[in-house]
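# What the coordinates show
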Amino acid sequence: MKLLNILPLCASVSATFLADYRRLNDSPDRQAGFLPHNEFAKPREPPNNYNKRDITTNKTSDEQHRLVKENSMSNLNSVCTRETHYIEDETDMLELQRQCNEIIGDLIISPRYDSFVVDLRNIHKIQGSFVIEDARDIARVSAPQLNYITQEFRLHSMTSLVELELPQLKFANSIDWTVLPILAALTLDDRTMVNENIIISDTSLQNIEFFQGVQELDIFNINNNRFLETIKSNVVTINTQLSVHANSRDVELEMPFLESTENLTIRDTASISLPKLNSVQSSFQIIENVITSLDVPELEFVGGTLGVIENRQLVTADFNNLTEITGGLMISKNPRLSKINFFEKLRQIGGAIHFEGRFSETILESLKLVKGSVYIESTSEVLDCSSWISPSSSKSIIRGGKVKCISGKKSNFAEVNDDGDIIDRKEEEVKEKSPQPQDDNDDEEYDDNDDDIDHSDDTEEQSFRSDETRTRFLTPKPRAKNTSTNGAMIKRIEGVLTFSAVLIAFTYAGSVFI
């Protein structure tokens, strides 16, 4: 009976809508061709207070972008050619799809988009950027026929996004996907080409093995993907930054063809494969991984600091082809590393040396010059400090710095002038230490307390500690935290499921009514 009571109301609303539609369709403006086919679905311009971000910050210049637009403008109607296509709701999107297979200008989806799904359907090319930011209700983005995005493909802060479908995408100038905490399903062509940056951060993806055809990038940054298991890329050159950190501790990194990069930082991985890496122009940092081996057999040059820090399972390493480090060398807190003997060809270090751990040997037979100070500390009592404090030749390889070598209970100190002459030398007993755990448990705490060193000469010790040796190295930073909590993620998933249940209920009710 209740359903029958609302029938007169539905009939009244329908009659009013039809009358308005006929009035619009029969108007003089419609007859003159001034109104679009569907006035109600006309795509809206961005609101006046919308602050459009800079989209064209890639290699393709603004002038090139403008020329491309002008050359294609004659073949597309005005709806398809705009500086910005600002889509505020599903009606706007449907109208754009109806009139355009290719659009010129940036496609921006409003944070207030009123549907759970963004579907580009038959749009196959965007001559501009594709941007969705802060749209917290969108659960799925589908572009089944999209081939090209000539500028940036940016997805930011989409906390309900579960699925991203791009089966035909062949090219995007740059990819920046950040804060998509429940994105777990990605359909993407393995041959998708990217010209500048690949940044994937804070997702639920398990594998990143796409982009196999990419040869050169500016930035490759994969971070905070807590379920990630594998990262594989065939890139050969990275011009600015290679960064992998704060992902699952079981992630395996494989870059079989990488030859050079500007900066390299790898943290929190279970295995690292860089068999062809030849040069790193700035810093090379391997920090807090659970790797057992680190082999970089082709590496010849590091233009900044080389740091291997707090890799508690590391047993062996191979840097035997490395000949020069322009910055400092830091091998610190790798408790299973028993010897530092993997720099067979290293001849010159342009900065300081810092070795700290449980090693019993330091063998650098080819090393001829160190332009900074040297600090060596080992809990092993068999470490021989004499090669650093009292070199066999008349000259030290250290130039104009201080040398401190602590082996078990003995602390040796020397000061060297710019010519390599030792101008001061002494040996001291180290204070008794509290018992140290000797097992190699994964959760052990490595003792880094300087209080166990005899500070009988505070002035000299402070001078050494303030020396460039202790300050110029990169200190490991705390692991980055994920930007979304598990509780928030569960609530969002519940919201999506609730919406689906309601939709199914309405569909069923409608079928019964009919």
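Before reading on, note that the structure itself is shown above.
The text that follows walks through the structure, step by step, so that each part is easy to find. In this text, all values refer to a predicted model and were calculated from it rather than measured experimentally. (Residues numbered from 1 in each chain as written. Predicted model: local features only at pLDDT ≥ 70, side-chain atom pairs only at ≥ 80, totals over all residues. Heavy atoms only, no water.)

## As for the packing of aromatic side chains
For clarity, the threshold we go by: We call Phe, Tyr and Trp rings a pair once their centres come within 6.5 Å, taking the six-membered ring for Trp, and we label the pair stacked below 30 degrees between planes, edge-to-face above 60, and tilted otherwise. Under the DSSP-based scheme used, a helix requires at least four consecutive residues in state H or I and a strand at least two consecutive residues in state E, with every element numbered from the N terminus. Note on exposure labels: buried denotes an accessible area under 20% of the residue type's maximum, exposed denotes more than 50%, and partly exposed covers the range between, all computed with a 1.4 Å probe on protein chains only. Charge over a ring is defined by NZ of Lys or CZ of Arg lying within 6 Å of the ring centre and within 35 degrees of the ring normal.
Using the criterion set out here, one finds eight aromatic pairs in the structure. Judged by centre distance (6.3 Å) and plane angle (40°), the ring pair of Phe319 and Phe342 falls under tilted. Of the two residues, Phe319 is situated in the loop between strand E25 (316–318) and strand E26 (324–325) and Phe342 in the loop between strand E28 (339–340) and strand E29 (348–349); the sequence distance between them amounts to 23 residues. By the burial criterion, Phe319 is buried, and Phe342 matches it. Each ring, one from Phe319 and one from Phe343, has its centre 5.5 Å from the other, and the planes form 20°; the classification is stacked. Taken together, the residues Phe319 in the loop between E25 and E26 and Phe343 in the loop between E28 and E29 connect sequence positions 24 residues apart. For Phe319, a relative accessible area of 0% puts it in the buried group. Of note, Lys125 hangs over the ring of Tyr148, and the distance from its end group to the ring centre comes to 5.7 Å.

## Details of the environment of Ile291
To keep it simple, the criterion reads: Contacts were defined at the residue level, with two residues in contact if any of their heavy atoms lie within 4.5 Å.
Considering the arrangement of structural elements, one finds Ile291 in the loop between strand E21 (284–287) and strand E22 (293–295). For the pair Ile291 and Thr316, spaced 25 residues apart in the sequence, the C-alpha separation amounts to 9.6 Å. In contact with Ile291, not counting residues within four places along its chain, are Thr269, Ala270, Ser271, Ile272, Ile286, Gln313 and Leu314.

## As for the sheet that holds strand E3 (residues 117–119)
To keep it simple, the criterion reads: The rule for pairing is simple: two strands pair if DSSP sees at least two bridges between them. To define axes, lines are fitted to C-alpha atoms, for helices over the stretch in contact only, and angles between the resulting N-to-C directions are given on a 0 to 180 degree scale.
Within the open sheet, the four strands sit side by side as E3-E6-E8-E10. Their pairing is parallel. Looking along the sheet, the strands with just one partner apiece sit at the ends: E3 and strand E10 (185–188). Across the sheet, the axes of successive neighbouring strands diverge by a mean angle of 5°, strand direction being ignored.

## Thoughts on the nonpolar core
Where we set the bar: In this text, buried Ala, Val, Leu, Ile, Met, Phe, Trp, Tyr and Cys residues form a nonpolar core when linked through side-chain atoms within 4.5 Å.
Core analysis: the largest hydrophobic core is formed by 102 residues, its most contacted members being Trp177, Phe284 and Phe319. Contacts of Phe319, omitting those with residues within four sequence positions, involve Phe284, Leu294, Val296, Leu299, Leu306, Val308, Phe342 and Phe343.

## With respect to the sheet that holds strand E17 (residues 252–254)
Read from one edge to the other, the open sheet built from four strands follows the order E13-E15-E17-E19, with strand pairing classed as parallel. Since the sheet does not close on itself, it has two edges, and those belong to strand E13 (207–208) and strand E19 (271–273), each with one partner. When E17 meets E19, the two strands line up parallel, connected through three bridges. Residue pairing across strands places Glu252 opposite Ser271, the latter belonging to E19.

## Topic: the state of the cysteines
Put simply, the rule reads: By convention in this document, the label disulfide applies to cysteine sulfur atom pairs within 2.5 Å.
All told, the structure shown has two disulfides when counted by the stated rule. Covalently, Cys80 is tied to Cys100 through a disulfide, its sulfur atoms 1.9 Å apart. For the disulfide bridge between Cys80 and Cys100, the dihedral angle about the S-S bond is near -100°, and by the sign convention the bridge is left-handed. Taken together, the residues Cys80 in the loop between helix H3 (62–73) and strand E1 (81–87) and Cys100 in the loop between helix H4 (90–99) and strand E2 (102–109) connect sequence positions 20 residues apart. Residue class for Cys80 comes out buried when judged on its relative accessible area of 1%. For Cys100, a relative accessible area of 1% puts it in the buried group. Across a sulfur-sulfur distance of 1.9 Å, Cys385 and Cys405 are joined as a disulfide pair. Here the disulfide of Cys385 and Cys405 is left-handed, its torsion about the S-S bond being about -70°. Here Cys385 is found in the loop between strand E33 (374–378) and helix H5 (386–389), whereas its partner Cys405 is found in strand E34 (residues 402–407), with 20 residues between them in sequence. Residues Cys385 and Cys405 agree in their burial class; the two are buried.

## A word on the pairing of strand E12 (residues 197–201)
With five of its five residues buried, E12 lies for the most part within the structure. Both strand E9 (residues 171–178) and E12 contribute to a ladder of four bridges, which runs parallel. When the sheet's bridge partners are listed, Asp176 is paired in E12 with Ile199. In this sheet, strand E14 (residues 216–223) lies alongside E12 in parallel orientation, the contact comprising five bridges. Paired with Ile198 across the two strands is Phe220, which belongs to E14.

## Here's the deal with the pattern of salt bridges
The test is simple: Any Lys or Arg side-chain nitrogen found within 4 Å of a carboxyl oxygen on Asp or Glu counts as a salt bridge.
Applying the stated criterion to the full structure yields 18 salt bridges. In this structure, Glu95 and Arg98 form a salt bridge, with 2.8 Å as the shortest nitrogen-oxygen distance. Of this pair, Glu95 and Arg98 both sit in helix H4, three residues apart, roughly one helical turn. Accessibility expressed as a relative area gives 48% for Arg98, which makes it partly exposed.

## Re the side chain of Asp268
For the record, the criterion: Residues adjacent in sequence count toward polar contacts only when both atoms are side-chain atoms; beyond that, a polar contact is any pair of N or O atoms within 3.5 Å, and within protein one must be able to donate a hydrogen and the other to accept it.
Following the sequence through the fold, Asp268 ends up in the loop between strand E18 (260–267) and E19. For Asp268, a relative accessible area of 2% puts it in the buried group. A polar contact of 2.8 Å, which involves the side chain of Asp268, links it to the backbone nitrogen of Ala246.

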